[in-house]
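A closer look at the structure
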Amino acid sequence: MGGTFDPVHHGHLVTAEEVRDYFDMQEVVFVPSARPPHKTGQRITSTHHRYLMAVLSTISNPYFTVSTVEIDRKGPSYSIDTVRHFRTQWGEDTEIYFITGADAVSQISTWNNFRELLSMCTFIAATRPGFKFSGIEEEVERNVQTMEVSALAISSSEIRRRVRRGETIKYLLPEAVESYIYKNGLYREPE
Ligand code: ATP
Ligand code: MG
């Protein structure tokens, strides 16, 4: 599961866990994106903080791990490079799923080498109950499985906004991540 995770929240975690359980996966690897190509010009918290928040949030789930593969790599963080990395590491017999939110999948035809990417792994697009894809290319739709997960209207941008305004973020994300945000003074400045 890739993402900026700025910060990681219960929307990410519930999605990952429900998908893992449904598809009986051995492991879910959270891959914080170092330099997301589609978020240039936006201020993003350092990889150091985002990585540590991801580790804190996954500590109680034995199936969840966090990878530094995109942080350790130079240049823009292309998912295709990451999937190639795991394909090499795990070998041809391992089934690889790419977990994303449906919002991300509707942009997929803008991703680097998206055709090859779609052919290398099974895409799982987490949707909220009642969600319908619109304007998505037929080729993409054919290669993506959708799965309804519990509706959680949580986003990192909303959490950042709340911190900036001094509003509560309790229960939107793990307690340890909340403490980490305050302890390090994250998200206080305007974006
Ligand atoms: P931002 O608001 O900054 O865009 P975000 O909450 O969307 O952040 P990302 O790090 O951009 O978080 O998302 C990582 C992945 O998790 C993406 O595939 C995204 O679609 C998915 N995702 C984000 N929020 C949710 C949610 N509440 N439920 C299910 N999937 C989500
Ligand atoms: Mg997003």
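A few points on the structure. Every value quoted in this text rests on a predicted model; they were computed, and no experiment measured them.

Let's shift gears to the overall build of the protein. Secondary structure assignment for the protein yields nine helices and six strands. Here the protein has a C-alpha radius of gyration of 16 Å; the compact-globule value for 191 residues is 16 Å, and the two agree. The proportion of buried residues among the 191 residues of the protein is 43%. For the protein, the share of sequence-separated contacts (at least 6 apart) that also reach a separation of at least 24 residues comes to 66%.

Before going further, it helps to examine the side chain of Ser 156. Mapped onto the elements, Ser 156 comes out in helix 8 (residues 156-165). Its relative accessible area of 13% is what places Ser 156 among the buried residues. Those residues in contact with Ser 156, other than ones at most four positions away along the chain, are Asp 6, Pro 7, His 9 and His 12.

Moving on to the nonpolar core. Membership of the largest hydrophobic core comes to 30 residues, with the highest contact counts inside it found for Val 19, Val 28, Phe 30, Met 53 and Ile 181. Of all the elements in the fold, those that place two or more residues in this core are helix 1 (10-23), strand 2 (28-32), helix 2 (47-58), strand 3 (64-66), strand 5 (122-127), helix 8 and helix 9 (175-183). If you tally residues by element for this core, the top one is helix 1, at four residues. Once residues lying within four places of it in the same chain are set aside, the contact partners of Ile 181 are Pro 7, Met 53, Val 163, Ile 169, Leu 173, Leu 186 and Tyr 187. Membership of the second largest hydrophobic core comes to 21 residues, among which are Ile 80, Ile 96, Leu 117 and Leu 118.

The next subject is the site of ligand 1. Taken together, 21 residues are adjacent to ligand 1, and His 9, Gly 101, Asp 103, Ser 156 and Ser 157 come closest. For ligand 1, an oxygen atom lies 2.9 Å from a polar atom in the side chain of His 12. Considered on its own, ligand 1 offers 600 Å² of accessible surface; in the complex 86% of this is hidden by protein. Taken together, the elements giving at least two residues each to the shell around ligand 1 come down to strand 1 (2-3), helix 1, strand 4 (97-101), helix 5 (102-105) and helix 8. Of the residues belonging to the shell around ligand 1, the class tally is five nonpolar, 12 polar and four charged.

Moving on, we come to the pattern of salt bridges. When the charged atoms of two side chains lie near each other, side chains of opposite charge can form a pair. Following the criterion strictly, the structure yields seven salt bridges and no others. Salt-bridge contacts for Arg 84 lead to Glu 116; the nearest nitrogen and oxygen are separated by 3.0 Å. Of this pair, Arg 84 sits in helix 4 (residues 79-90) while Glu 116 sits in helix 6 (residues 114-120); the two residues are 32 residues apart in sequence, bridging distant segments of the chain. Owing to a relative accessible area of 32%, Arg 84 belongs among the partly exposed residues under this scheme.

Definitions and limits used
- Residues numbered from 1 in each chain as written.
- Chains lettered and ligands numbered in written order.
- Predicted model: local features only at pLDDT ≥ 70, side-chain atom pairs only at ≥ 80, totals over all residues.
- Heavy atoms only, no water.
- Helix = DSSP H or I, 4+ residues; strand = E, 2+ residues; numbered from the N terminus.
- Rg over C-alpha atoms; globule rule 2.2 N^0.38 Å.
- Buried < 20%, exposed > 50% of the residue type's maximum accessible area, 1.4 Å probe, protein only.
- Contact = heavy atoms within 4.5 Å.
- Core = buried A, V, L, I, M, F, W, Y, C linked by side-chain atoms within 4.5 Å.
- Near = heavy atom within 4 Å.
- Polar contact = N/O pair within 3.5 Å; in protein donor to acceptor, adjacent residues only side chain to side chain.
- Areas by Shrake-Rupley, 256 points an atom, 1.4 Å probe, with all protein chains shown as cover.
- Nonpolar A, V, L, I, M, F, W, Y, C, P; charged D, E, K, R; others polar.
- Salt bridge = Lys/Arg side-chain N within 4 Å of Asp/Glu carboxyl O.

Honestly, it's all geometry; don't read function into it.
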